[in-house]
Amino acid sequence: GVVTAPMHWLLSSSDRWFLQHYYGAKAVGVYSIGYSIGIVGMMINGAVTSVWLPEAAREYEQSPAQARLTLGRLMDRLIVLMALTWLVVAAAGGDIVRWLANERFYAAADYVPYIAGGVFFYGVLRLADTGLLIAKQLKWAALWWLAGALICALLNMALVPQYGGLGAAITQSIGFAFMSVGILSTAQTKFP
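Reference entry: report on the structure contained in this document. These figures come from a predicted structure and were not determined experimentally.

1. Some points on the pattern of salt bridges
Under the counting rule described, the total for this entry stands at 3 salt bridges. Glu55 is the partner of Arg58 in a salt bridge, and the nearest nitrogen-oxygen pair spans 2.5 Å. One end of the pair, Arg58, and the other, Glu55, are both in helix H3 (residues 42-62), 3 residues apart, so they sit about a helical turn from each other. A salt bridge links Arg98 to Asp95, with the shortest nitrogen-to-oxygen separation between them at 3.5 Å. Of this pair, Arg98 and Asp95 both sit in helix H4 (residues 64-100), 3 residues apart, roughly one helical turn.

Encoded structure:
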């Protein structure tokens, strides 16, 4: 937790730092509109994870053998819910940008699906953390977060100068997808 909290802040903020450096405040303002809409799925993620972790721990304490099956099935359903949220936000995000913002900000519509994808992958990695927590192996999550921070920094340096806000949004999605796959696969080896 000591590592992952600042890493989340770093990863979810660094896109705007790179945009500011390469393109200035105007580009950050446009990006922020898309970002504000793209992270709507965080409400679902927050609600799910606030209930998920204590209930998963309770389920494991009651029956460790049965918990693998029960938690696996429930996790599948929650991932589908998060994926549907990503789909809805990605589909409606452009229209919402055009309804709520001045035409100077319409470019933000292109960023929404990628940012919403990052939110989806963040939700999946939070669910996957449970397996590492139960196995008392959270150090692996911290290592994946550090690797994800490195990947995000490299992608921001490569994509933002060339693609601007779109590069920053793609970096968010790829960075969180990388960590999600890493944490999920590691968790499966520790607590399948």
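2. Notes on H3
Compared with the 30 Å implied by 1.5 Å per residue over 21 residues, the 30 Å span of H3 between its first and last C-alpha is a close match. If you look at H3, its biggest bend is around 30°, right at Trp52, and the proline Pro54 turns up within four residues after that. Turning to H3, its buried residues are Asn45, Val48, Thr49, Trp52, Ala56 and Glu59. As for H3, its buried residues are in contact with H4 and helix H5 (112-134).

3. Some details on the packing of helix H1 (residues 4-23) against helix H6 (residues 139-163)
The geometry of H1 relative to H6 is characterised by a closest axis approach of 10 Å and an angle of 10° between their N-to-C directions. When the axes of H1 and H6 are compared, the pair comes out roughly parallel. For the contact of H1 with H6, the class distribution of residues is 18 nonpolar, 6 polar and 1 charged.

4. Some details on empty space enclosed by the protein
Following the criterion strictly, the structure yields 1 cavity of 30 Å³ or more and no others. Of the pockets and cavities examined, the largest cavity occupies roughly 70 Å³. Looking at which element gives the most residues to the lining of the largest cavity, the answer is H4, with 4 residues. Grouping the amino acids of the lining of the largest cavity by side-chain chemistry returns 7 nonpolar, 4 polar and no charged.

Calculation criteria
- Residues numbered from 1 in each chain as written.
- Predicted model: local features only at pLDDT ≥ 70, side-chain atom pairs only at ≥ 80, totals over all residues.
- Heavy atoms only, no water.
- Salt bridge = Lys/Arg side-chain N within 4 Å of Asp/Glu carboxyl O.
- Helix = DSSP H or I, 4+ residues; strand = E, 2+ residues; numbered from the N terminus.
- Expected span 1.5 Å × (residues − 1).
- Bend = angle between axes of the 7 residues up to and from the residue.
- Buried < 20%, exposed > 50% of the residue type's maximum accessible area, 1.4 Å probe, protein only.
- Contact = heavy atoms within 4.5 Å.
- Axes fitted to C-alpha atoms, helices over the stretch in contact; angles between N-to-C directions.
- Parallel < 35°, antiparallel > 145°, perpendicular 65-115°, else oblique.
- Nonpolar A, V, L, I, M, F, W, Y, C, P; charged D, E, K, R; others polar.
- 1 Å grid on protein atoms, 1.4 Å probe; cavity = no way out; pocket = protein on both sides within 12 Å on 5 of 7 lines; lining within 4 Å.
- Points joined across faces, edges and corners; volume = space filled by probe spheres on them.

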